[in-house]
Amino acid sequence: MDRLAQDFRFALSSIRRRPLVASAIILTLGLGIGANAAIFRAFSAAFLRPLPFSNEERLARLYLSDSTRDANLSPRADVFLAVREQARSFSGLAGQRFNDFTVVIGGGDPQRLAGIEVSEGWSRILGVNPLLGRPFTAEEEQQGIAAGVVLISHGAWLSRFGGRDDVLGESLTLNGRRVTVVGVLPAGLRFPYESELWLPTRFDEQLESTWALNIVARLRDGISHEEAGKELEALSGRLPEVMAHQGMTLTAVPIREVLIDDDGPLLMAVSLAVFFLLVLVTVNVANLLVAHSLSRRREFAIRSALGAGFGRHLQQTMTEGLVLALAGGALGLLIAEASGSILSFLIPEDFSYVMEEVPFDAPVIAFTILIAIVAGCAFGAIPALRVARTDPAGALTGGERATDARGSIRTTRLLTIAQIALALVLVTGAHAMIRDFQRRVARDPGYDQKDLLTLNLVLPSERYPEAAERNAFLDRIVESVEAVPGVAGAGTVNLFPAAGQGSIMSRIEAEGVEPREDAPVIAANRMVHGALMEAMSLRVIRGRLLHEDELRRGDRVVVVSRLLARRLWSAAEPLGRRIRASRAEDAPWLEVVGVVDDLEEFYAETGYAVWAPVKLYTELPLTAQMVIVARMESGLDTEAILPPIREAIHEIDPQLAIFDVFSAEDLQTESLAGRRSARTLTGAFAILALVVATIGVYASMAFAMARRSREIAVRMALGGSRRVVAGHFLAGAAGLIAAGVALGASGAWLLARSSQGIAADLGELSLQSLALASLILGGTALVASWLPLRRATRIEPASVLRSE
């Protein structure tokens, strides 16, 4: 222990003797370790942090899936009840259904809150207990909505009720019905769908509804997800909706996978980038320490002569490395702690349902300390390995100087090649992600986004219980919004095709076309009214759009997307053919009157879509939710036209809450926010990697030139010109850089091959990305090599030889 304390004091003394070098190392390590710790905060939250459910590993969500798993549908209430009755793998099933509520608190204005209607046993099955108050009683669950009770989220408690302790027993009006608050759920829990309210309901009274359920199941003890999946597959053929959707089977997906969904690969890509950055920083610091260790050759020789062995040298150099690494780790912790506000975009979107912020907790601190220790041991051990190969007698007399220099130069060359290779992998990956983002931004969404405004609203079922009332509202709302000065056209759609809006998915059957049971056709079902299709400027490929009089009457006509027409009828004429969306009960056959261009669904891969009159479906509860889409006159300010549109809506129904008001361009921007930030982060890491690699190459060449100053002087004294001598050494540096580029290119290619799907472009590594990254890195490294070489060839040979 005394020896360790002695080494620790010596390490601190060594740092004080070379403050500039130590500061550069600590800063470099702080950036590398801090970036890794910051990204680990997001990674830990998504993959390691416990969810707010008891025994979360036993929870799964149930879906209807086709054989390719290209589409996952939420089952209906009749399937939920049948599985709850028949399946033996689960100790309980909880049905959850999203609903928008118009809420009046006290005497305030109506406001929209997202709510969830839940089946009996919901809190028990999920393992959720209120922070304040109590869960629903068995009697209240049996009564359903009529029980008049509600649970609220922690966020709603703070924002809507001021965090008052006496909130329990508070009454509020939901869609015209009085309910009482009986509990406040824990902080951060808004599962699912960013909920603020939970109400009991009885799904056995709503079997005819086509509203789909978010079904969460808890596995029995001793039952695995695989075993439950096999039972569900066996049950599928006997369940009501699955029988109607032949080719679909029930599947159970672990709840964490549901929450991570498609956002996990993006987080993995950024995590991979910062890992390469940390390795690069470690190699860079090792290179600097190897160069510095040669200046301490005599010190280590004296220690060896006094009896110090390899183990003693290793302990000392690793202690010095650990001191530097822990100092860098402390800086990294500060960087990680300050990064919380900029990391939220990396957390999978659905995790907002169960987590309010990215945690800075013990696992993050432990991870930071661990990588600091590992990095310190890694670069601290390398100087000791160099010392072990040095003859103390030769070092003291100078006889081993040339041999030792050659060995150290060889080591720094290998480390330099490794730096260039690692930096090239990171720069190539960053350029690929930038290209992927640019390609997504440049994608044609399939409609004209400019001057397009969207507003969301929900018709409360208590005040609009009948289809005729909803139909009358549709006609009046379109007429009123179109009459607003500055509105060039308006219509409604059940869900707007943009990120975060969702889709109503239906199985599509074509008359005269034999359905493939192994691959049913699933399409987004767009239910429209008014001049919606004209307002969006949908591009007609064949035929025409739906006429407003057809939409007003609810004629049995439909427009399909180009991809869907090709999937159903190949190259045959689609106009005049008939299809139906079989998800609805007794779905009518609809005549295809037009084919429109494909839209970007969630700005991912283009999907199939049908556009049908909403009045064909207004007897279904799902049509109570709608998006008003208004085309503004060119150049009109959104803020100027929004108030009269709100006024026009409230003249029809002053109790309606209008929410999620966005322009179509804002929706696209929001949908790409995560990728934009990931691109920026990865680009920043790549620039940092480029700087670190450049510093490493510069330090390596400066070290080499300092050790070979006598050789340079001799060459010049024997008549070699500065240009010839510089060319000789620059050619050697170019060879070193070429080796690093070749190794890095091979590494990037292998990484792309082994990580397909981690990020959109990492699996499709382009020659353009690789070539550009190679040029940037190679050119920068050559400049870094030339600078110390230029200085070395400008010295006078005589002065060097005299000093020798």
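Further up the page is the structure itself.
Cut-offs applied
- Residues numbered from 1 in each chain as written.
- Predicted model: local features only at pLDDT ≥ 70, side-chain atom pairs only at ≥ 80, totals over all residues.
- Heavy atoms only, no water.
- Helix = DSSP H or I, 4+ residues; strand = E, 2+ residues; numbered from the N terminus.
- Buried < 20%, exposed > 50% of the residue type's maximum accessible area, 1.4 Å probe, protein only.
- Contact = heavy atoms within 4.5 Å.
- Areas by Shrake-Rupley, 256 points an atom, 1.4 Å probe, with all protein chains shown as cover.
- Phe/Tyr/Trp six-rings, centres within 6.5 Å; stacked < 30°, edge-to-face > 60°.
- Core = buried A, V, L, I, M, F, W, Y, C linked by side-chain atoms within 4.5 Å.
- Pairing = 2+ DSSP bridges.
- Patch = residues over 30% accessible without salt bridge, like charges linked within 9 Å, V, L, I, M, F, W, Y side chains within 5 Å.
- Salt bridge = Lys/Arg side-chain N within 4 Å of Asp/Glu carboxyl O.
- Lys, Arg positive; Asp, Glu negative; His and termini not counted.
- Charge placed at Lys NZ, Arg CZ, Asp CG, Glu CD.
- Polar contact = N/O pair within 3.5 Å; in protein donor to acceptor, adjacent residues only side chain to side chain.
- Axes fitted to C-alpha atoms, helices over the stretch in contact; angles between N-to-C directions.
- Parallel < 35°, antiparallel > 145°, perpendicular 65-115°, else oblique.
- Left-handed = near helix turned anticlockwise from the far one by under 90°.
- Arc of directions from axis to C-beta.

Enquirer: Kindly report on the overall build of the protein, identifying the contributing residues and their values.
Expert: Of the regular secondary structure elements, the protein holds 27 helices and 22 strands. The buried share of the protein, taken over its 804 residues, is 55%. In the protein, of all internal contacts separated by at least 6 residues, the share reaching a separation of at least 24 is 81%. Of the roughly 33800 Å² that the protein leaves accessible, carbon and sulfur atoms contribute 56%.

Enquirer: Go over the side chain of Ser774 with me, naming the residues and quoting the values.
Expert: Take Ser774: it is sitting in helix α26 (residues 767-792). Residues within four places of Ser774 in sequence aside, it is in contact with Leu424, Val741 and Gly779.

Enquirer: Talk me through the packing of aromatic side chains; I want residue IDs and the actual numbers.
Expert: By the definition in use, this model includes nine aromatic pairs. Relative to Phe203, the ring of Phe80 has its centre 6.0 Å away and its plane inclined at 85°; by these criteria the two rings are edge-to-face. Of this pair, Phe80 sits in helix α3 (residues 77-86) while Phe203 sits in the loop between β9 (197-200) and β10 (214-219), placing them 123 residues apart in sequence. Take Phe80 and Phe203: they sit in the same class, and that class is buried. Centre to centre, the rings of Tyr447 and Phe496 are 5.7 Å apart; their planes meet at 85°, and the pair counts as edge-to-face. On the criterion of sequence distance, the pair formed by Tyr447 in the loop between α16 (401-442) and β12 (452-458) and Phe496 in the loop between β13 (487-493) and β14 (505-510) is long-range, its members being 49 residues apart. Residue classification places Tyr447 among the buried positions, given a relative accessible area of 4%.

Enquirer: Run through the environment of Gly376, naming residues and quoting values.
Expert: Note that Gly376 resides in helix α14 (residues 362-388). Contacts of Gly376, omitting those with residues within four sequence positions, involve Gly321, Leu322 and Ala325.

Enquirer: So what's going on with the nonpolar core? Which residues, and what values?
Expert: If you look at the biggest cluster of nonpolar residues, it comprises 86 residues, and the most contacted ones within it are Phe53, Leu126, Phe191, Val354 and Phe685. Sort the elements by how many residues they give to this core and helix α10 (residues 264-295) lands first, with 13 residues. Apart from the residues lying within four places of it in its own chain, the contact partners of Phe191 are Phe53, Gln96, Trp122, Leu126, Trp198, Val216, Ile255, Leu259, Tyr353 and Val354. One finds Leu457, Ile508, Ala523 and Leu590 within the second-largest nonpolar core, a separate group that totals 49 residues.

Enquirer: Lay out the environment of Arg112 with the relevant residues and their values.
Expert: Summarising the element assignment, Arg112 is placed in strand β4 (residues 111-118). With 548 residues separating them along the chain, Arg112 and Asp660 place their C-alpha atoms 9.6 Å apart. Once residues within four sequence positions are removed from consideration, Arg112 is found in contact with Phe98, Asp100, Phe101, Arg160, Ala657, Phe659 and Asp660.

Enquirer: Could you give me a rundown of the pairing of strand β7 (residues 171-174), with the residues and numbers involved?
Expert: Both strand β3 (residues 90-105) and β7 contribute to a ladder of three bridges, which runs antiparallel. Considered in β7, the bridge of Val103 is made with Leu174. Pairing analysis gives four bridges linking β7 to strand β8 (residues 177-184), with the strands arranged antiparallel. Note on β8: the bridge partner recorded for Leu174 is Arg177.

Enquirer: Summarise a negative patch on the surface; cite the residues concerned and give the values.
Expert: On the surface, a cluster of negative charge is made up of Glu194, Asp660, Glu665, Asp666 and Glu670. The leading source of residues in the negative patch is helix α22 (residues 664-671), at three residues. Assignment of secondary structure puts Glu665 in helix α22.

Enquirer: Just give me the short version of the side chain of Asn456, but keep the residues and values in it.
Expert: As for its placement among the helices and strands, Asn456 is situated in strand β12. According to the relative accessible area criterion, Asn456 is buried, its value standing at 3%. In this structure the side chain of Asn456 is engaged in a polar contact, spanning 3.1 Å, whose partner is the backbone oxygen of Asp660.

Enquirer: Talk me through the pattern of salt bridges; I want residue IDs and the actual numbers.
Expert: Using the criterion set out here, one finds 23 salt bridges in the structure. One salt bridge connects Glu573 with Arg542, and the closest N-O pair in it is separated by 2.3 Å. Residue Glu573 is located in the loop between α20 (562-569) and β18 (578-581), and its partner Arg542 is located in strand β16 (residues 540-543); the two are separated by 31 residues in the primary sequence. Look at Glu573 and you get partly exposed, because its relative accessible area is 34%. The exposure class of Arg542 is partly exposed, given its relative accessible area of 39%. The closest approach of N and O atoms between Glu550 and Arg544, which form a salt bridge, is 2.8 Å. Given a relative accessible area of 8%, Glu550 falls into the buried group.

Enquirer: So what's going on with unusual backbone geometry? Which residues, and what values?
Expert: Cis geometry is found at the peptide bond from Phe191 to Pro192, where omega equals -15°. Structurally, Pro192 can be placed in the loop between β8 and β9. A positive phi is found at Asp451, a non-glycine position, where the angle reads about 60°. Along the chain, the position of Asp451 falls in the loop between α16 and β12. Judged by relative accessible area, Asp451 falls into the buried class, the value being 15%. The backbone of Asp660 shows a phi angle near 45°, a positive value even though the residue is not glycine. Its location among the elements puts Asp660 in strand β22 (residues 659-663). Residue classification places Asp660 among the partly exposed residues on the basis of a relative accessible area of 34%.

Enquirer: An account of the packing of helix α17 (residues 467-482) against helix α21 (residues 638-652) is requested, with residue identities and associated values reported.
Expert: Relative orientation of the contacting elements α17 and α21 amounts to 150°, with a least axis distance of 9 Å. Comparing the axis directions of α17 and α21 gives the class roughly antiparallel. Here α17 runs over α21; the crossing is right-handed. Note on element contacts: α21 touches α17 through Ile645, Ala648, Ile649 and Ile652, opposite Phe473, Arg476, Ile477, Ser480 and Val481.

Enquirer: Help me get a handle on helix α6 (residues 154-161), residues and values and all.
Expert: Among the residues of α6, those classed as buried are His154, Ala156, Trp157 and Phe161. Projected down its long axis, α6 shows its buried positions confined to an angular sector of 165°, all on one face. Directly beyond the C-terminal end of α6, a positive phi value near 70° is found at Gly162.

By themselves these figures say nothing about function.
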